[in-house]
Structure formats: C-alpha cells, structure tokens
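Spelled out, the chains give:
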Amino acid sequence: MGQVHVLDHPLIQHKLTYIRNKDTGTKEFRALVQEVSMLMAYEITRNLPLVETEVDTPVARARTNVIAGKTLALVPVLRAGLGMLDGILNLIPTAKVGHVGLYRDPETLQPVEYYCKLPANVEERDVIVVDPMLATGGSASAALTAVKARGAKQPKLMCLVAVPEGIRTVQQDHEDVDIYTAAVDDYLNDHGYIVPGLGDAGDRLFGTK
Ligand code: URA
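Quantities reported herein were computed from a predicted structural model and do not represent experimental measurements.

## Structural notes on the overall build of the protein
Then step 1. Helix and strand counts for the protein come out as six helices and 13 strands.
Then step 2. By the compact-globule yardstick of 17 Å for 209 residues, the protein fits well, its C-alpha radius of gyration being 18 Å.
Then step 3. Taken along its principal axes, the extent of the C-alpha atoms in the protein is 65 × 40 × 30 Å.
Then step 4. Per-residue burial for the protein yields a buried fraction of 44% across its 209 residues.
Then step 5. Restricting the contact set of the protein to residue pairs at least 6 apart, pairs at least 24 apart contribute 61%.
Then step 6. Total accessible area computed for the protein in this model is approximately 11100 Å², and 51% of it derives from carbon and sulfur atoms.
Then step 7. The averaged location of the 26 negative side-chain charges in the protein is 5 Å from the averaged location of its 21 positive side-chain charges.

Laid out in structure tokens, this is it:
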C-alpha cells in the first residue's frame, strides 16, 4: 500500500494558511502556491538515489555525489496542476515536463483523458503527477493510470490539499503510489469542494470564475 506523507514543514503550513484565505488575491495566491510547491518538492526528492562522482574544485579533486539516473518527469494535471509547476522547476530546473488533460463525462461523471504527452523514456524516470486538490480522487487516479499506461513506474502524487475520500480512491486504484500533500482536510461537500479547502484552485490560480 502506498503511503500518505503529510508535509508539515512550518514554512509549508504557514504559506498554506495564506493560500486558504479567501481574501488572498490571484497574484499572491499564485506566488504562494509556487513557493509551497518548491518546498514540497524539496521534501519529496529527499530520498532520490545518488551516485558518486569526482569534480575538480579550485583546490583539489573532490569525491562527491550527483543524483543518479535520468532527470525527473513532472506531470501536471491540466489545468490547476500547472500552478504548481514553476515552483517545482525553480528547484529542479532540469526536470522534464509532461501534461495530462482530463474532462468529466457529463453522463457517467467519470474522468476521460483528452490529452497526454509525456517526456521520452518515461519508464526510466521518477515521475511526479501534480494536482493541487485531491478531492474525489477520480482525476488523480485517471492521471496516474494514464502515466502508468505509457510506462511510468511507481509514480508519486503531489497535491496541496487532500481529503480521506480521495486518498482512499487513489490507494484502492494504485496500491504502489505514494501521496504527498500539505494537508488532509475534513470532507467533500455536496458541491465537490474540499472543506475547509481553499476553494476552486484553478479559478483562484488563473483568476477565472
Ligand atoms: N477542486 C478544487 O479546485 N477545489 C476543491 O475544493 C475540490 C476540487
């Protein structure tokens, strides 16, 4: 069973409070989401494997380490996942980026993939699927299915706020996936919003309604 990691670094928790505040405007909201995403990326990449190398410093040859293997692949789920991307890229500028687009079928209410483009050799990369709100879990689960179908092995899921329903769905559908979130909130209301949550992440990021 994949694990749920609640990233409770004080800076993450502090900034999340301002993200939640309904009076935080688009510009500040966007900046804060990026800052939190960068801090979360720092925590998520904590256990990346290293490989020894050598480098010449101005003084001597040093035995040192670099991250092993191919660069990470970040896969934001359109559209709100885009809001977390630049923050992560600030920390890992060499990461490759894929995209998954999903819409909800009006009859079945199930997520349907309309777009998926991933970096080459995705099967050799650590893949992080990025979606800020883990609500029903339907779209996160579908995005994980989409990246796995194209070869991603044991992708991670990064979100800002999750609810137990969404966590259950992802864990049921994807036993191998670790979930990283800044908070686990109380429940989903009848309109599909996380309570207390932060409202509609996409609308707040892009200033739409
Ligand atoms: N998506 C959002 O943007 N917000 C929620 O509260 C739930 C899903």
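That was the structure; now back to the text.
## Comments concerning helix α3 (residues 82-91)
Along an α-helix, a turn takes 3.6 residues, which lines up residues three or four apart on a common side.
Then step 1. Where α3 is concerned, the buried positions are Gly83, Met84, Leu85, Gly87 and Ile88.
Then step 2. Its buried side turned inward, α3 meets α2 (26-44), β4 (73-78), β5 (96-97), β8 (127-130), β10 (156-162) and α6 (201-206).

## Description of the layout of surface pockets
Then step 1. Its volume calculated, the largest pocket comes out at about 890 Å³.
Then step 2. Along the walls of the largest pocket sit 31 residues, with Arg104, Asp131, Met133, Ala135 and Ser139 positioned nearest its centre.
Then step 3. Only β4, β6 (99-104), β7 (111-117), β9 (133-134), α4 (138-149), α5 (164-173) and α6 provide two or more residues apiece to the lining of the largest pocket.
Then step 4. Residue contributions to the lining of the largest pocket peak at four residues, all from α4.
Then step 5. There is about 290 Å³ of room inside the second largest pocket.
Then step 6. Along its surface, the second largest pocket is lined by 16 residues, and Leu48, Ile67, Lys70, Thr71 and Leu72 are the ones closest to its centre.
Then step 7. Residues that form the lining of the second largest pocket fall into these classes: seven nonpolar, four polar and five charged.

## Structural notes on the packing of α2 against α3
Then step 1. Between α2 and α3, whose axes approach to 7 Å, the crossing angle comes to 50°. Classified by the angle their axes make, α2 and α3 are oblique. The two elements α2 and α3 cross, and the hand of that crossing is right-handed. In this structure, α2 contributes Val33, Gln34, Ser37, Met38, Ala41 and Tyr42 to the contact, and α3 contributes Gly83, Met84, Asp86, Gly87, Ile88, Asn90 and Leu91.
Then step 2. When the residues that make up the contact of α2 with α3 are grouped by side-chain class, the tally is seven nonpolar, five polar and one charged.

About the criteria used
- Residues numbered from 1 in each chain as written.
- Predicted model: local features only at pLDDT ≥ 70, side-chain atom pairs only at ≥ 80, totals over all residues.
- Heavy atoms only, no water.
- Helix = DSSP H or I, 4+ residues; strand = E, 2+ residues; numbered from the N terminus.
- Rg over C-alpha atoms; globule rule 2.2 N^0.38 Å.
- Buried < 20%, exposed > 50% of the residue type's maximum accessible area, 1.4 Å probe, protein only.
- Contact = heavy atoms within 4.5 Å.
- Areas by Shrake-Rupley, 256 points an atom, 1.4 Å probe, with all protein chains shown as cover.
- Lys, Arg positive; Asp, Glu negative; His and termini not counted.
- Charge placed at Lys NZ, Arg CZ, Asp CG, Glu CD.
- 1 Å grid on protein atoms, 1.4 Å probe; cavity = no way out; pocket = protein on both sides within 12 Å on 5 of 7 lines; lining within 4 Å.
- Points joined across faces, edges and corners; volume = space filled by probe spheres on them.
- Nonpolar A, V, L, I, M, F, W, Y, C, P; charged D, E, K, R; others polar.
- Axes fitted to C-alpha atoms, helices over the stretch in contact; angles between N-to-C directions.
- Parallel < 35°, antiparallel > 145°, perpendicular 65-115°, else oblique.
- Left-handed = near helix turned anticlockwise from the far one by under 90°.

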